[in-house]
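This is what each chain is made of:
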Amino acid sequence: MHQIDWIILSVTLLFIVGYGVYKTRGSKSVEDYILGGNETPWWTVGLSVMATQASAITFLSTPGQAYADGMGFVQNYFGLPIAMVIISLTFIPIFQRLRVFTAYEYLEQRFDVKTRSLAAIIFLIQRGLGTGFTIYAPAIIVSSLLGWNLTLLNIIIGILVIIYTFSGGTKAVNVTQKQQMFIIMLGMFMAFFLIVYYLPNDMTITNAMHIAGANGKMDVVNLSFDPEERYTLWSGIAGGFFLALAYFGTDQSQVGRYLSGKSIRESQMGLIMNGFLKVPMQFFILFTGVMVFVFFQFNPGPLNFNPNSKTVIEKSKYIDEYHALEKKLVVLNNEQKEINLIYIEHLDQGYDNPILRRQLVSLSAREADLRDQAKALIKKADPKAEANDKDYVFLHFILNYLPHGLVGLLLAMILSAAMSSTASGLSALASTTAIDIYKRNVKGIRSEKHYLNATKFFTVVWGVIIILFACFSALSENLIQLVNIVGSIFYGTVLGIFLVGFYVKYVRAKAIFYAACITQVTVIAVYLSQTVAYLWLNFIGAMMAILLSILFEATVFRKKIDEKHTI
Amino acid sequence: MREKNVNRWKKSYSWVLLANAAYILIFYFLMQIFS
């Protein structure tokens, strides 16, 4: 990496950390530290909510997703605005009226301490793993492509986040997320405009979109009712709604963001801002990935974008076969380039040539086949190697084609995104441990200062745990899958508890607690039996918790109360 | 006054849903043009 990139990267990250510490130093109370003194304006709440969700992997994986599979992934976010409206109408007024520090505090007021502790512990397990992953996932990609030490990178990102989160709590998270979102959006816009600028002479965005469309990358909306189709309008609205409701409504890393709003109205406006901007933002990130795809129609790309795969192959007996595939890809790319240029000429004359489109589709299929053969060779060489290279496409483009200075800015963008999500997670883990576990169980009256120091202490403890998890993850194989599975196993039950709390007034503490325990055990058993895809576990968990609690309230626990009345 | 505020909020919630419906329509037309 060039010196200028190092300077831009270091100055940007150190400025964000320094600014965060300086602006938010000297929190005097737990309210200041956990709720940011309830002084956050709506647009900061909105930016903070968006920065928390958009982790580094969003900016690395999403363009790669579009490069490989097109724009269809955006449909996953179609249900999110509906969830924003429901949370604004129901969740926020309740949380704000009860003046809770964490979402789980509400559960004690609505049910009992057992239910609160159960939800808090489930959150701590799940978010602890998830936050470690928000450091590890970008670190593994960046370190692979730049040859940096993975453990050192994990530790550096972790320590930078601990410094400002420890110093200023939620206020520091919110303040730094504003800067981070600015760097993230600036980086994405600059990358987008440079990709378009690097396309062949006189090629308009419209022509680039025609090329992408001919290769099936512009299929944004899928109206199919086939349940086996991964991304459709219907699964996006229904599944996206369900996931967004669980994530924004019950995960303290998000709840903590909007609880820091100046008023109910400011918190609601922050979420509504997210509802307005999320879909276009994801569309833009995916569209950048599609433009990267068009770019590689005119420029040679590697057979596999993951540099570790190349290392695996070079050490194996399959190296000659791999080289043969590479040569075939070069010939194919030249052919693609020629046909694309003729296709553009025809487009400029107002003719969308169907024969050339068919040729492009056929070449694209042959390219995909070559890449699949390469992946198969990598797997043969080392069955444990990660042959999937989607996540590496965008960073490969950044490092190999962008000018000095911008590479530093884009790396700052990726690490800023990692830090913003990690900081929200860390702040949520510390506040949940301090408020729902420590404060709830500590005996005697303690001062405000005592709880403030305890929250700061838990920030450091969780920071160290997260760094350890990120470092330890390097030894684990399918980490993305592992974290998604852990999330899916636990999210459904917690959402079920909250939905019963808000909407089924009839159900009381005992019924929901036992329903939640049975649901959790059942969900784990269903997962172990491997009878359904793990993403369905969210839905099963929530529905089972709701239905079982209603059933228990109507039968087992109803009887006992009636008996008491009779006696 | 309170009722006015509530109405205004209901309206803004409608707008966010309408805006997203418009996004989906725009995406659909883009797909029709370029795919």
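The rules behind these values
- Residues numbered from 1 in each chain as written.
- Chains lettered and ligands numbered in written order.
- Predicted model: local features only at pLDDT ≥ 70, side-chain atom pairs only at ≥ 80, totals over all residues.
- Contact = placed C-beta atoms within 7 Å.
- Helix = DSSP H or I, 4+ residues; strand = E, 2+ residues; numbered from the N terminus.
- Nonpolar A, V, L, I, M, F, W, Y, C, P; charged D, E, K, R; others polar.
- pLDDT = per-residue confidence, 0-100.
- Buried ≥ 20, exposed ≤ 12 C-beta atoms within 10 Å, placed from the backbone.
- Core = buried A, V, L, I, M, F, W, Y, C linked by C-beta atoms within 7 Å.

Colleague: Looking at this structure, how should I read the interface of chain A and chain B?
Modeller: When the parts of a complex come together, some accessible area is lost, and that lost area is often taken as the interface size. Contact residues are listed per partner, giving 19 residues for chain A and 14 residues for chain B. Sorting the residues of the side of chain A that touches chain B by element identifies α5 (80-97), α9 (205-214) and α12 (264-298) of chain A as the ones contributing at least two each. A breakdown of the residues in the side of chain A that touches chain B according to their chemical character gives 14 nonpolar, 4 polar and 1 charged.

Colleague: Help me understand the confidence of the model for chain B in this model?
Modeller: Caution applies to low-pLDDT parts of the model: their predicted coordinates are not meant to be read in detail. Here chain B averages 79 in pLDDT, and 69% of its residues register 70 or above. In the predicted assembly, ipTM is 0.84 and pTM is 0.87.

Colleague: I keep staring at the environment of Thr52 of chain A and nothing clicks. Help me out?
Modeller: Residues and elements named next belong to chain A. Considering the arrangement of structural elements, one finds Thr52 in helix α3 (residues 42-53). The buried category is assigned to Thr52, around which 28 C-beta atoms lie within 10 Å. Each C-alpha atom of the pair Thr52 and Leu243 lies 15 Å from the other, and the pair is 191 residues apart in sequence. Setting aside residues up to four positions removed in sequence, Thr52 forms contacts with Ser253, Gln254, Arg257, Ser420, Ser421 and Ser424.

Colleague: Help me understand the environment of Val461 of chain A, please; the structure alone is not making it clear to me.
Modeller: Residues and elements named next belong to chain A. Within the secondary structure, Val461 sits in helix α18 (residues 448-473). Given 13 C-beta atoms within 10 Å, Val461 falls into the partly exposed group. Between the C-alpha atoms of Val461 and Ala430, which are 31 residues apart in sequence, the distance is 8.3 Å.

Colleague: Help me out: how do you make sense of the nonpolar core in this one?
Modeller: All names here are of chain A. Core analysis: the biggest nonpolar cluster contains 168 residues, and Val292 and Ile414 have the highest contact counts within it. The dominant element in this core, judged by the number of residues it contributes, is helix α17 (residues 406-441), at 17 residues. Each residue touching Ile414, except ones within four places of it in the same chain, is listed here: Ala56, Phe59, Leu60, Pro138 and Val142. Val312, Tyr322, Ala374 and Ile378 belong to the second largest nonpolar core, which has 9 residues in total.

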